[in-house]
Amino acid sequence: MINEFVEKILVHQAEGKGASRTQEVEIFFNFVGKVEIPHEEIILTEEERIALAEQEWRRAKKAEYNRRYMGKKRRQWKKQR
């Protein structure tokens, strides 16, 4: 039933990586148009910022390990051919 009220939904390209990733979504309703929903900015404490930075560091470390591992595997697969 709610689909009857929605005219269109626009999903924009995501910006950022990890926890800081954001993506804009616009919803246009029939007979109303685009509705702006106000949101308040999230303010992180110092402990939360430190935890977030550590999480990003671990993600980057894991991604680098995976990149090296897959490069090694690709070289092995090429030799097998």
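All of these numbers come straight from a predicted model, not from anything done at the bench.

What counts and what doesn't
- Residues numbered from 1 in each chain as written.
- Predicted model: local features only at pLDDT ≥ 70, side-chain atom pairs only at ≥ 80, totals over all residues.
- Heavy atoms only, no water.
- Salt bridge = Lys/Arg side-chain N within 4 Å of Asp/Glu carboxyl O.
- Helix = DSSP H or I, 4+ residues; strand = E, 2+ residues; numbered from the N terminus.
- Buried < 20%, exposed > 50% of the residue type's maximum accessible area, 1.4 Å probe, protein only.
- pLDDT = per-residue confidence, 0-100.

Student: Just to check I follow, could you spell out the pattern of salt bridges for this structure?
Tutor: Taken as a whole and assessed by the stated rule, the structure comprises six salt bridges. R59 is the salt-bridge partner of E56, the closest N and O atoms lying 3.5 Å from each other. One end of the pair, E56, and the other, R59, are both in helix α1 (residues 46–80), three residues apart, so they sit about a helical turn from each other. Judged by relative accessible area, R59 falls into the partly exposed class, the value being 37%.

Student: I'm lost on the confidence of the model for the chain in this one. Help?
Tutor: As a general rule, the predicted coordinates of low-pLDDT regions are not to be interpreted in detail. Model confidence for the chain is summarised by a mean pLDDT of 89, while 100% of its residues fall at 70 or above. Confidence scores differ between elements of the chain, with strand β3 (residues 33–34) showing the lowest mean pLDDT of 80 and α1 the highest of 94.

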